[in-house]
Amino acid sequence: MVYSVPLSFPTINQNHFRHGHPPHSTASMDDVSYKRADLESCPPGSNGRDVALFNLAVALCNRFMKGGKVGDLDEAITFLRDVLELRPSGHRRRSSLLLWLAHCLSNRYDSQGAVADLEEAITLGRAVLDLRPPGNPDRARSLNSLACYLRRRFQKHAQMYDLEEAIELNRAALELRPSGCRHRSSSLHDLALCFLDRYNSKEAVADLEEAVTFGRAALKLRLPGHPHRALSLSNLAYCLRTRFQKHARMCDLEEAIELYRAALELRPSGHRDRSSSLHDLAFCLSNRYNRQGAVADLEEAITLGRAAVDLRLPRHPGRALSLYNLACNLRRRFKKHARIYDLKEAIKLHRVALELRPPGHRDRSSSLRELAFCISDRYNSQGAVADLEDAVALGHAALELCPPGHPDHCSLVNHLTLYIRKGLRNRTIMHDLENPIGLRRAALELLPSGHPDRSSLLHSLVLYLLDRYDNLGIVGDLEEAITFGRAALALNPPSHPSRASSLHGLAQCLAKHFRHQPIAADLDEAIALEQEALQLLTPADPGYHVSRRCFTTYLQMKLNPRVAVASPSTPGVTHFDVDQVIRGLALEILKTMPTRLLHTLTGVLCNRDLQISHFMGSKQYSQLVSSCRTCTPDQRTKLIHTSISGYFQFVTFSHRWGVDEPLLRDVEGQSVYETKDGLRKLQAFCLRAYEQNYLWAWSDTCCIDKDSSAELQEAIGSMFAWYRRSALTIVHLADTPDTGSFGTSEWFRRGWTLQELLAPRTILFYTQNWSLYGDPTSTNHKSDANVMEELEKATGIESRFLTNFSPGMDDARSRLQWASSRCTTRPEDIAYSLFGIFDLHLPVLYGESAEKALGRLLAEIISQSGDISVLDWVGTASPYHSCFPAHISSYQTLPLSPSQPHTEELSLTINHQSASPTVPRKLYRSLTKSPLPQFINRRLTLPSVTHRVTAIQLQREDPLTPSYTYKIRASGLRLLEITLPDKLEDAAMKQGALQLVRPWHTKLLNPLAELDATTERELLSALGRPFNALLLARLPHNEYKRIASSTLIVAEPVDSGSVLQSKVKILNIA
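1. Comments concerning the overall build of the protein
Move 1: Along the backbone of the protein there are 42 helices and 18 strands.
Move 2: In the protein, buried positions account for 53% of the 1070 residues.
Move 3: For the protein, restricting intrachain contacts to residue pairs at least 6 apart in sequence, the fraction spanning at least 24 positions comes to 65%.

Here you go:
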């Protein structure tokens, strides 16, 4: 990508003009007004009018540089032209005036892009230089200014003579600014930029080295405190970044990152160039991630990229580039962690960037290409045919913008034909193979011998020709594939990373050719090629098992002629195709499982590739391949899925963390069965899992990279699903002796263990010494009546939830109560541990307060479900929102359960008969049509039946507890007492300041039922019962705040008349 680099301008009359970077100016509205008054006192023809015009123009220029209003610049140019008429040729100040006018025109060009302004600035700059011959003290300034204008014209029209002249002028200015001159750093800086431009145009490394040298010299003169140090830091960083892209020396990239960080510190929040520093630093960090793979670099690049996008609002010239780079980094993170929401956001950002790069924009092809990549990735992940078709269409559009000869043409051909091949192999897009083969042939002709992409293009042509041979049986395609395969192999020497795949591809061609025409030399060569490929690969390499099985097949063909004569058109799939299908399905199945698993047989921690390698080398795999040969396609898919799912059954571990638990770094690359302090519990867990006939196990201690915030976020979001997906969960109760009861174990009081109890369908508890709890023959304690009875008692959770729990937001209040007596080491974890129980996916933000974490959880529950039961709590209010508690323990108090009909209810249907029949109908309609509760922008919109507090009196107080009991009378309610932890303020004691409200949700009634005698009775019965009320205090702007209470506020309607007079209001609560 080409980045614009800030330019600096020479000083004029002690004001430093810089392109896009105005100086700190003292000009103000008062200054301009003062200069206007001076001008009015100098009418046309009077002495000093030229000075007054000039001073007003200077004030307007300074105000433009500070505020950016082009109107000020237009007016300044007009006044300077007027002064020019008053200072004819020969006037001693004419050169300064011309230079001021040139700078104003240059700045207007920068702002509006009118080439005529730039041309006039250059003409005026030359005139100034003529008026300042060698020896003039201001000649260096004039040389520097003209050079800047010429460099701008080079950037517009790419005429090298402009850049060459700019370099010569800057060199001349530098000679006139010896060491010690205060403007020397400006000349050094501008020379660095010119050489960098010439390098970008001609790619002469000497120019790049000059740019770095001059950039360092400029920075050395611009010490800390210099007003333009940040600019020099950024420009030197850009030069080093460019040199890194040329030579791939990490030292250049590391230094560029440090320089960008230093520049960012000098550009605090509000600085107009801060977005550039954020953007450039993000770009360098993503480059370092590409080279070194440190996830922290990618995470920081994404954070900085988001900050840059936030600062580059719509119409900012760099917004499209920031959107593009952020999208690319999100795709990189998707490739690392396979989180689909990263990919979806990347696609959204690329589409926005594409809109900002309309037809004709120089970077439109890049946006089309990257968007195609992302949509192709989504097809690979989700299999939607529409995505593959979109990727093909975008690839074609990008290719049209990159004709033969364009540096991206061959790469685009490669990717476009890859998309088409995916459609052909999956029978989703039935394109003619002529198109991708023809595109690649054309691209191949454009690549000269020795081009680095030539071997990959030859290899892809081999694959396409093999596809067409398999589809149409054209032997010429097979023979041509062999020719191209030999050419690709010749370009990949033994040390080349792609040699093994080239060997394997050519071996496939020869084996197919042998099947068509049994020539022993072809088969012998295929065997030799696969042997060499296997020598280049290790068992951990993805292609190792493919080559090993192909090698075995070719040997069988040699030893058993009946195998060799099998026709390519025989129904079913070849051994290689089965391998690919199995591998693909295995990857899909493993996506629903933890990324790392412990292999219980060896005790080695395995990533996805190692997991698949174990399977490919297993007896189950051999049996599967054998069975697949005789299956129909439908039977084959089901068989593969069943076999893989059975092989990868895994056991999860639940326990109370102790001191020095083994982490990822403690077990990577070795067996956990090796004697080592701190591994005994993990060893015992793996051994018990293996004893239960499971090959795979997962522990939250060592199977997560806790140094990666992204991986930790993914693990927390997936943990409930992993425990639910597991074949067995083993619980170790380290504080329960073999003969004791587990009810007092600390395990039942930890936050994370709640979901570890609810999620698994099969669970086994082990005691302190790893003996099976209770019945030693038990295979699932959730099927053991005695254990279930103890579990109910220990947790307070009914057995129906323990054995058949469904995550979600049904009965949210009960789920919060289950967690209310539990705690976590990190306070915010108490909320995070509930995400899976409520089936919510929220960001994990370690470092936030526990109140905020719990508040975000409760807000999401209300926003998604409208469940108002979460408002039933007692205790201290959260600083996050007054309707939420500060602590989960506030849910320990049981909410008011539905009571039997109150005696008053029996008279409701009688007493209301005197009322108009429209009254209950109107009330029923307002209740059933009320909106759902919503939580948006930290405001709770809550439909409520309201009761205005008409009288309140303090009954007793205990400041030591503290506790304050009030007697309250509210309209339509019986007299009641409430106890508060804080004393009410005097303003709240005034009449009308408080409300008692009944939160309302339409599900409390049947919204679809018509009002008849039955539903009327149900309505009056529901509203006539006691209810949990909220006490609200009125705030300005028609908002309310909840006042927390020490006990539940149980309110009761006075009579049927008060029920019928109930009013539903929509309250906004802060």
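The rest of the description comes next.
2. Topic: a positive patch on the surface
Move 1: Positive charge collects at one region of the surface, where Arg921, Lys922, Arg925 and Lys1063 lie side by side.
Move 2: Note on Lys922: relative accessible area 55%, which makes it exposed.

3. Section: the sheet that holds strand 5 (residues 650-655)
Move 1: Ordered in space as 4-3-6-5-7-8, the six strands form an open sheet in which the pairing is mixed. Each edge of the open sheet is held by one strand with a lone partner, namely strand 4 (604-606) and strand 8 (763-766). Strand-to-strand, the axes of this sheet are offset by a mean angle of 30 degrees, without reference to chain direction.
Move 2: In the packing of helix 31 (residues 680-691) onto the sheet, contacts are made with strand 3 (597-599), strand 5, strand 6 (696-698), strand 7 (728-732) and strand 8, and the angle to strand 5 comes to roughly 140 degrees.

4. Here's the deal with the packing of aromatic side chains
Move 1: As enumerated under the stated definition, the model contains 25 aromatic pairs in all.
Move 2: Summarising the aromatic geometry, the rings of Trp747 and Phe748 are spaced 5.1 Å apart at their centres and angled 90 degrees between planes, so their arrangement reads as edge-to-face. Each member of the pair, Trp747 as well as Phe748, carries the same accessibility label: buried.
Move 3: Put simply, the rings of Phe615, Tyr621, Tyr647, Phe648 and Trp696 pair up and form one aromatic cluster.
Move 4: Taking the ring centre of Tyr880 as reference, the NZ or CZ of Arg938 above it sits at 4.0 Å.

5. What to know about the pattern of salt bridges
Move 1: The tally for this structure, following the rule as stated, stands at 49 salt bridges.
Move 2: Members of the salt-bridge network, linked through shared partners, are Glu164, Arg198, Lys202 and Asp207.

6. Notes on helix 7 (residues 160-175)
Move 1: When the terminal C-alpha atoms of helix 7 are compared, their 23 Å separation across 16 residues agrees well with the 22 Å that a helix rising 1.5 Å per residue should span.
Move 2: Taken together, the buried positions of helix 7 are occupied by Met160, Asp162, Leu163, Ala166, Ile167, Leu169, Asn170, Ala173 and Leu174.
Move 3: Buried-residue contacts for helix 7 involve helix 5 (115-131), helix 6 (139-157), helix 8 (184-202) and helix 9 (205-221).

7. Some remarks on the nonpolar core
Move 1: Core analysis: the largest hydrophobic core is formed by 116 residues, its most contacted members being Phe765 and Leu871.
Move 2: Apart from the residues within four sequence positions on either side, Leu871 is in contact with Ile862, Cys883, Phe884, Leu940, Leu942, Pro999, Leu1030 and Arg1042.
Move 3: Core analysis: the second largest hydrophobic core is formed by 85 residues, Ala57, Leu60, Phe64 and Ala301 among them.

8. Here we look at the side chain of Arg499
Move 1: Among the structural elements, Arg499 can be located in helix 22 (residues 499-516).
Move 2: A residue is classified by how much of its surface remains accessible, and Arg499, at 12% relative accessible area, is buried.
Move 3: Sequence-distant contacts of Arg499, that is, excluding residues within four places in its chain, are made with Leu489, Asn492, Pro493, Pro494, Glu532 and Leu536.

9. Comments concerning the side chain of Glu530
Move 1: Inspection of the secondary structure puts Glu530 in helix 23 (residues 520-536).
Move 2: The side chain of Glu530 sits in the buried core without any salt bridge; Arg515 is the nearest counter-charge, 10 Å away.
Move 3: Among the polar contacts made by the side chain of Glu530, one reaches the side chain of Ser547 at a distance of 3.2 Å.

10. Concerning the packing of helix 8 against helix 10 (residues 229-247)
Move 1: Remark: helix 8 packs on helix 10, axes separated minimally by 11 Å, with the N-to-C direction vectors making an angle of 25 degrees. By the angle between their directions, the pair helix 8 and helix 10 is classed as roughly parallel. The crossing of helix 8 and helix 10 is left-handed. On helix 10, the residues that touch His189, Leu193, Leu196, Tyr199 and Asn200 of helix 8 are Leu231, Ser232, Asn235, Tyr238, Cys239, Thr242 and Lys246.
Move 2: Partitioning the contact of helix 8 with helix 10 into residue classes produces six nonpolar, five polar and one charged.

11. A closer look at the environment of Ser878
Move 1: With respect to the helices, strands and loops of the structure, Ser878 is situated in the loop between helix 38 (850-865) and helix 39 (908-911).
Move 2: You can call Ser878 buried: its relative accessible area is 5%.
Move 3: Taking the C-alpha atoms as reference, Ser878 lies 7.5 Å from Gly855; in sequence the two are 23 residues apart.
Move 4: Ignoring anything within four residues of it in the chain, the contact list for Ser878 reads Glu851, Phe884, Pro885 and Ala886.
Move 5: In this structure the side chain of Ser878 is engaged in a polar contact, spanning 2.9 Å, whose partner is the backbone nitrogen of Tyr880.

12. Re the confidence of the model for the protein
Move 1: Looking at the protein as a whole, the pLDDT averages 84, with 88% of positions reaching at least 70.
Move 2: Considering each helix and strand of the protein separately, the mean pLDDT is smallest for strand 2 (residues 15-16), with a value of 32, and largest for strand 7, with 97.
Move 3: In the predicted structure, residues 562-576 sits below a pLDDT of 50 and forms 18 contacts with residues beyond four places in sequence or in another chain.
Move 4: Note on residues 899-915: pLDDT is under 50 here. Beyond four places in sequence and across chains, it has 26 contacts.

13. With respect to the environment of Ser814
Move 1: Looking at the element boundaries, Ser814 is found in helix 36 (residues 812-819).
Move 2: Distance in space between the C-alpha atoms of Ser814 and Tyr891 is 8.6 Å, their sequence separation being 77 residues.
Move 3: Side chain to side chain, Ser814 and Asp811 meet in a polar contact 2.7 Å long.

14. Side note on the packing of helix 4 (residues 94-112) against helix 6
Move 1: Following both chains from N to C, one finds helix 4 and helix 6 inclined at 25 degrees, their axes separated by 11 Å at the closest point. Of the possible angle classes, the one that applies to helix 4 and helix 6 is roughly parallel. In the packing of helix 4 onto helix 6, the handedness of the crossing is left-handed. Contacts from Leu99, Ala102, His103, Ser106, Tyr109 and Asp110 of helix 4 reach helix 6 at Arg141, Ser145, Tyr149, Arg152 and Lys156.
Move 2: Residue classes in the contact of helix 4 with helix 6 are distributed as four nonpolar, three polar and four charged.

15. A look at unusual backbone geometry
Move 1: Each neighbour pair has its own omega, and for Thr961 with Pro962 the value is -15 degrees, a cis peptide bond.
Move 2: For Pro962, the position within the fold is in the loop between strand 10 (939-958) and strand 11 (963-970).
Move 3: Phi angles above zero are rare outside glycine, and Arg315 is one such case at about 85 degrees.
Move 4: Within the secondary structure, Arg315 sits in the loop between helix 13 (295-311) and helix 14 (319-337).
Move 5: Among the residues examined, Arg315 registers a relative accessible area of 85% and is labelled exposed.
Move 6: A positive phi angle, close to 60 degrees, is found at Asp660, a residue other than glycine.

16. Some points on the environment of Glu530
Move 1: Relative accessible area serves as the criterion here: at 0%, Glu530 is assigned to the buried category.
Move 2: The residues touching Glu530, leaving out its near neighbours within four places in the chain, are His504, Ala507, Ser547, Cys550, Phe551 and Tyr554.

17. Some words on helix 14
Move 1: Counted at 1.5 Å a residue, the expected span for helix 14 with its 19 residues is 27 Å, and the 27 Å between its end C-alpha atoms agrees.
Move 2: Burial within helix 14 is extensive, with 16 of its 19 residues counted as buried.
Move 3: Phi for Ala338, located one or two positions after helix 14, is positive at around 60 degrees.

18. Quick notes on the pairing of strand 8
Move 1: Of the two faces of strand 8, the one carrying Ile763 and Phe765 and the one carrying Leu764 and Tyr766 are both buried.
Move 2: Strand direction decides the pairing type here: strand 7 and strand 8, joined by four bridges, are parallel. In the strand pairing of strand 8, Ile730 is matched with Leu764.

19. Looking at the pairing of strand 10
Move 1: Relative to strand 10, strand 9 (residues 934-936) is paired through three bridges, and the arrangement is antiparallel. Within strand 10, the residue paired with Ile936 across the bridge is Arg939.
Move 2: Where strand 9 hands over to strand 10, the hairpin turn is made up of two residues, of which Asn937 adopts a positive phi near 55 degrees.
Move 3: Bridge analysis of strand 10 against strand 18 (residues 1064-1069) gives six bridges, and the strand direction is antiparallel. From the neighbouring strand, Thr941 faces strand 18, where its bridge partner is Asn1068.
Move 4: Bridge count for strand 10 against strand 13 (residues 994-999) is five bridges, and the pairing is antiparallel. Bridge assignment links Ser944 to a residue of strand 13, and that residue is Pro999.

Parameters and conventions
- Residues numbered from 1 in each chain as written.
- Predicted model: local features only at pLDDT ≥ 70, side-chain atom pairs only at ≥ 80, totals over all residues.
- Heavy atoms only, no water.
- Helix = DSSP H or I, 4+ residues; strand = E, 2+ residues; numbered from the N terminus.
- Buried < 20%, exposed > 50% of the residue type's maximum accessible area, 1.4 Å probe, protein only.
- Contact = heavy atoms within 4.5 Å.
- Patch = residues over 30% accessible without salt bridge, like charges linked within 9 Å, V, L, I, M, F, W, Y side chains within 5 Å.
- Areas by Shrake-Rupley, 256 points an atom, 1.4 Å probe, with all protein chains shown as cover.
- Salt bridge = Lys/Arg side-chain N within 4 Å of Asp/Glu carboxyl O.
- Lys, Arg positive; Asp, Glu negative; His and termini not counted.
- Charge placed at Lys NZ, Arg CZ, Asp CG, Glu CD.
- Pairing = 2+ DSSP bridges.
- Axes fitted to C-alpha atoms, helices over the stretch in contact; angles between N-to-C directions.
- Phe/Tyr/Trp six-rings, centres within 6.5 Å; stacked < 30°, edge-to-face > 60°.
- Lys NZ or Arg CZ within 6 Å of the ring centre and 35° of its normal.
- Expected span 1.5 Å × (residues − 1).
- Core = buried A, V, L, I, M, F, W, Y, C linked by side-chain atoms within 4.5 Å.
- Polar contact = N/O pair within 3.5 Å; in protein donor to acceptor, adjacent residues only side chain to side chain.
- Parallel < 35°, antiparallel > 145°, perpendicular 65-115°, else oblique.
- Left-handed = near helix turned anticlockwise from the far one by under 90°.
- Nonpolar A, V, L, I, M, F, W, Y, C, P; charged D, E, K, R; others polar.
- pLDDT = per-residue confidence, 0-100.

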